[in-house]
Amino acid sequence: MSLHLAGIHHVSAITANAEKNHHFFTKILGMRLVKKTVNQDNTSSYHLFYADAVGTPGSDMTYFDIPMAGPTSPGVSSISNTSFRIKSEEALQYWIKRFDELEVEHGETLDRFGRQTLTFQDFEGSRLMLVVDDGKGVPYGEAWVGSDVPAEFAIVGLGPVTLTVHKEAPTGTVLTQVLGFEKAGSYSSLVPNMPDITVYTTGEGGPGAEVHIEERSDLPRERPGRGSVHHVAFRVNTYEEYDLWEGKLRELGFQTSGKVDRFYFRSIYFREPNGILYELATDEPGFTSDEPLETLGEELALPPFLEPHREKIETKLRPLTLME
């Protein structure tokens, strides 16, 4: 069986202030908190999932709450930008006005790979971007109407992630020869005397299925902290393919996490040669496995294997007061 990934599944980052993080993503960006749970590898820490109205795979940005996280020192071997898809240039103008009114730091509109984009940052310096998507690739998610952002301007999924690396070739080889991406083209770097940024695509294509690689020989290795990205996950189509991916990676000599059941999806983790952490994650079973769609994210959700330890887990978690 030929294995192909369907696009970006989610991106996971670090926050030192879950309350302000929640306010930024729900009250400013208008995304929905679809799961309030814990880091399954460290249950004393929260794990928050922001997505579209129904938690569509490929729409969720997640944050691990690590209050003692220090500042990020940007550099190579990093996921240096996460983007979000909007439907039109009219929507982009809406967001410029909104960011100005709400005092969100942002750049100027720029053409990247034939699309209009706008970079911006949250209060911790998370490097984020809006990208206008014409809808010809991975389908849009479902706009969340539970915020004051009009549905026609809402964020409807994750767009390309940018990987900043010392040398592009090893990362590009893994994307194409191992994960089945194809090279789709390139565009000029914003940094003088640096190589063009290369675009790789998979699945149905479009912004929801792209990885952009930026080669920067002038930077040190990134020191991650608050606002930095921990890993990017790619979508696995079926459980059958999920099993095959684990075998393929091991046969090719990658050290993997093995198959990890996260309950909301099944995962495999491994690092590519430039040190960036990848996750392969299934679309199913999804966030409604333990909560009704109508009340997603309202209560602390624990997967079945952690539920017997709820009292102990809740005792160790710091109080979390989220604005509704």
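Given the structure is predicted, the values throughout are model-derived calculations rather than measurements. (Residues numbered from 1 in each chain as written. Predicted model: local features only at pLDDT ≥ 70, side-chain atom pairs only at ≥ 80, totals over all residues. Heavy atoms only, no water.)

## Focus: the overall build of the protein
Regarding its fold elements, the protein presents five helices and 16 strands. Radius of gyration (C-alpha) of the protein: 19 Å, near the 20 Å computed for a compact globule of 324 residues. The C-alpha extent of the protein, read off along each of the three principal axes, is 55 × 50 × 35 Å. Relative to its full complement of 324 residues, the protein shows a buried share of 57%. Considering only contacts in the protein between residues 6 or more positions apart, those separated by 24 or more positions represent 69%. In the structure as shown, the protein presents an accessible area of about 14,000 Å², 50% of it carried by carbon and sulfur atoms. Separation between the mean location of the 30 positive side-chain charges and that of the 48 negative ones in the protein comes to 5 Å. (Helix = DSSP H or I, 4+ residues; strand = E, 2+ residues; numbered from the N terminus. Rg over C-alpha atoms; globule rule 2.2 N^0.38 Å. Buried < 20%, exposed > 50% of the residue type's maximum accessible area, 1.4 Å probe, protein only. Contact = heavy atoms within 4.5 Å. Areas by Shrake-Rupley, 256 points an atom, 1.4 Å probe, with all protein chains shown as cover. Lys, Arg positive; Asp, Glu negative; His and termini not counted. Charge placed at Lys NZ, Arg CZ, Asp CG, Glu CD.)

## Notes on the pairing of strand β2 (residues 32-39)
In terms of residue burial, β2 counts as a mostly covered element, since eight of its eight residues are buried. In terms of strand pairing, β2 meets strand β3 (residues 42-51) through seven bridges, oriented antiparallel. Each residue of the ladder has a partner; that of V38, found in β3, is Y46. Taken together, β2 and the strand that follows it, β3, pair antiparallel across an intervening segment of two residues. (Pairing = 2+ DSSP bridges.)

## Section: the packing of aromatic side chains
The tally for this structure, following the rule as stated, stands at 17 aromatic pairs. Each ring, one from F25 and one from Y50, has its centre 5.0 Å from the other, and the planes form 15°; the classification is stacked. Pair noted here: F25 is in helix α1 (residues 18-28) and Y50 is in strand β3, with a separation of 25 residues, a long-range link. Each member of the pair F25 and Y50 is classed as buried. Taken together, F24, F25, Y50, Y63, F84, Y94, W95, F99, F120 and F153 form an aromatic cluster joined through their ring pairs. Taking NZ or CZ as reference, R266 lies 3.8 Å from the ring centre of Y239, over its face. (Phe/Tyr/Trp six-rings, centres within 6.5 Å; stacked < 30°, edge-to-face > 60°. Lys NZ or Arg CZ within 6 Å of the ring centre and 35° of its normal.)

## Description of the side chain of E241
Mapping E241 onto the fold places it in helix α4 (residues 239-251). K248 provides the closest opposite charge to the buried, unpaired E241, separated from it by 9.8 Å. In terms of polar contacts, E241 uses its side chain to reach the side chain of N237, at 3.4 Å. (Salt bridge = Lys/Arg side-chain N within 4 Å of Asp/Glu carboxyl O. Polar contact = N/O pair within 3.5 Å; in protein donor to acceptor, adjacent residues only side chain to side chain.)

## Focus: the sheet that holds β3
Spatially, eight strands are ordered β2-β3-β4-β1-β13-β16-β15-β14 in an open sheet, and the strand pairing comes out mixed. Since the sheet does not close on itself, it has two edges, and those belong to β2 and β14 (260-261), each with one partner. When strand β13 (residues 229-236) meets strand β16 (residues 277-285), the two strands line up parallel, connected through five bridges. Each bridged residue has a counterpart across the sheet, and for A233 the counterpart in β16 is E279.

## Quick look at the pattern of salt bridges
A side chain of one charge can pair with a side chain of the opposite charge when the charged atoms of the two come close. A full pass over the atoms with the stated rule returns 16 salt bridges. Where R85 meets D133, a salt bridge forms, and the shortest distance between an N and an O atom there is 2.7 Å. Taken together, the residues R85 in strand β5 (residues 78-86) and D133 in the loop between β8 (127-132) and β9 (158-165) connect sequence positions 48 residues apart. Here R85 and D133 have matching classes, each one buried. We note a salt bridge from E307 to R310, for which the minimum N-O separation is 2.6 Å. In the salt-bridge network here, residues are joined through shared partners; they are E19, D65 and R318.

## Topic: the pairing of strand β1 (residues 8-15)
In terms of residue burial, β1 counts as a mostly covered element, since eight of its eight residues are buried. The pairing of β1 with strand β4 (residues 60-65) spans six bridges and is parallel. Each bridged residue has a counterpart across the sheet, and for A13 the counterpart in β4 is Y63.

## Details of the UniProt feature "domain: VOC" (unreviewed entry) in the protein
Under the local residue numbering, the UniProt record ascribes the feature "domain: VOC" (unreviewed entry) to residues 7-133 and 157-283. For residues 7-133, the end-to-end C-alpha separation is 15 Å, with 20% helix and 45% strand making up the annotated structure. Secondary structure content for residues 157-283 is 19% helix and 39% strand, while the C-alpha to C-alpha distance between its ends is 14 Å. (UniProt positions renumbered as here; feature names shortened; annotations may be inferred.)

## Description of the sheet that holds β9
With mixed pairing, eight strands are arranged side by side in an open sheet as β6-β7-β8-β5-β9-β12-β11-β10. The open sheet terminates on both sides in strands that have one partner only, identified here as β6 (110-112) and β10 (182-187). Averaged over all pairs of adjacent strands, the angle between strand axes in this sheet comes to 30°, irrespective of strand direction. The strands touched by helix α3 (residues 168-178) are β9, β10, β11 (197-201) and β12 (210-215); relative to β12, the strand with the most contacts, the crossing angle is about 165°. (Axes fitted to C-alpha atoms, helices over the stretch in contact; angles between N-to-C directions.)

## Thoughts on α1
By the burial criterion, the buried members of α1 are A18, N21, H22, F24, F25, T26 and I28. Directly after α1, the chain includes G30, whose backbone phi takes a positive value near 70°.

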